[in-house]
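Each chain, letter by letter, is given below.
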Amino acid sequence: MVVGREELRAGVARLGAEIGADYPDGVVLVGVLKGCIPFLADLVRALTVPVEVDFLAISAYAEGTGRVRLVKDLDTDIADRDVVLVEDIVDTGLTLTYLLGELRHRDPRSLQACTLLDRTSQRIVPTPVRYVGFDVDDDYVVGYGLDHGERGRNLDMVVALDQGDADAYVESLLHG
Ligand code: 5GP
């Protein structure tokens, strides 16, 4: 296990407190689909300041290129708003850099990033991430929104997939 249930709960509460303290007048959380969903759902409930939620979805142009494109855009006008982009994991930083660039064009008053998991060892682009839940090492992880071939998002903890049979491992975690 990489991050257990209790650690997740405490980590999200800490992030909620940090974000709430920084934006007492309210904030727009922009989630990156689909991996952010459990995290974002818990994070909004950890906030007591006014919060709006919107979503972006991206798709890779070609597997492994690190290049992405928007396949779902915001419904919210973020001009002059305080915005926090919410990611499941920042790895190379390419996705986050692209998305922050996209959002910056829309003239938000402020723009920061929040990620549940941060894998700084793989960073290609230096990317400022203001709010970080947990640092993780190089193992591929699933659970709490993160998937392996669309499976494992519904695990309520984050686990590392070992080199063996990843599908069987995810199934065993889900079904005991
Ligand atoms: P980056 O552009 O920073 O390299 O990659 C970010 C995206 O890659 C994440 O939003 C996530 O979709 C995917 N990703 C990177 N590492 C992992 C991992 O360990 N597990 C899962 N499930 N997705 C990952």
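Placed above this text is the structure.
None of these values were measured; they are calculated from a predicted model.

The rules behind these values
- Residues numbered from 1 in each chain as written.
- Predicted model: local features only at pLDDT ≥ 70, side-chain atom pairs only at ≥ 80, totals over all residues.
- Heavy atoms only, no water.
- Near = heavy atom within 4 Å.
- Polar contact = N/O pair within 3.5 Å; in protein donor to acceptor, adjacent residues only side chain to side chain.
- Areas by Shrake-Rupley, 256 points an atom, 1.4 Å probe, with all protein chains shown as cover.
- Helix = DSSP H or I, 4+ residues; strand = E, 2+ residues; numbered from the N terminus.
- Salt bridge = Lys/Arg side-chain N within 4 Å of Asp/Glu carboxyl O.
- Buried < 20%, exposed > 50% of the residue type's maximum accessible area, 1.4 Å probe, protein only.
- Disulfide = S-S within 2.5 Å.
- Contact = heavy atoms within 4.5 Å.
- Pairing = 2+ DSSP bridges.
- Axes fitted to C-alpha atoms, helices over the stretch in contact; angles between N-to-C directions.

Digging into the site of the ligand
- Of all residues adjacent to the ligand, which total 14 residues, the nearest are T92, T95, R119, V141 and D147.
- Within the backbone of D147, one N or O atom sits 2.8 Å away from a nitrogen atom of the ligand.
- Protein burial of the ligand: of its 510 Å² of free accessible surface, 80% is covered by the chains.
- Mapped by element, the contributors of at least two residues to the shell around the ligand are β4 (82-90) and α3 (94-104).

What to know about the pattern of salt bridges
- For the structure shown, the criterion picks out 17 salt bridges.
- Notably, a salt bridge pairs D91 with R119, separated by 2.8 Å at the nearest N-O pair. With D91 in the loop between β4 and α3 and R119 in the loop between β5 (110-118) and β6 (131-135), this residue pair connects regions lying 28 residues apart in the sequence.
- Looking at R119, the relative accessible area reads 7%, which means it is buried.
- Look at the salt bridges and you will find they share partners, linking K34, D147, E150 and R153 into a network.

Some thoughts on the state of the cysteines
- Scanning the model with the defined rule gives zero disulfides in all.
- This cysteine, C36, is not joined by any disulfide, and C114 carries the nearest cysteine sulfur, 10 Å off.
- C36 gets classed as buried once you look at its relative accessible area, which sits at 0%.

Quick look at the side chain of T115
- Residue placement: T115 occurs in strand β5.
- Residue classification places T115 among the buried residues on the basis of a relative accessible area of 0%.
- Beyond its immediate stretch of four places on either side in the chain, T115 contacts F39, E87, D88, I89, V90, V129, Y131, V132 and G133.

Things to note about the sheet that holds strand β1 (residues 27-33)
- Pairing within the open sheet is mixed, and its six strands lie in the order β3-β2-β1-β4-β5-β6. Because the sheet does not close on itself, it has two edges, and the strands there are β3 (68-72) and β6. Each adjacent strand pair in this sheet contributes to an overall mean axis angle of 30 degrees, direction not counted.
- Bridge count between β4 and β5: eight bridges; the pairing is parallel. When the bridges of β5 are listed, L85 appears paired with A113.
- Against the sheet, helix α1 (residues 5-22) touches β1, β5 and β6, its axis set at about 160 degrees to β6.

So, to be careful, I would describe these as geometric facts and stop short of saying anything about function.
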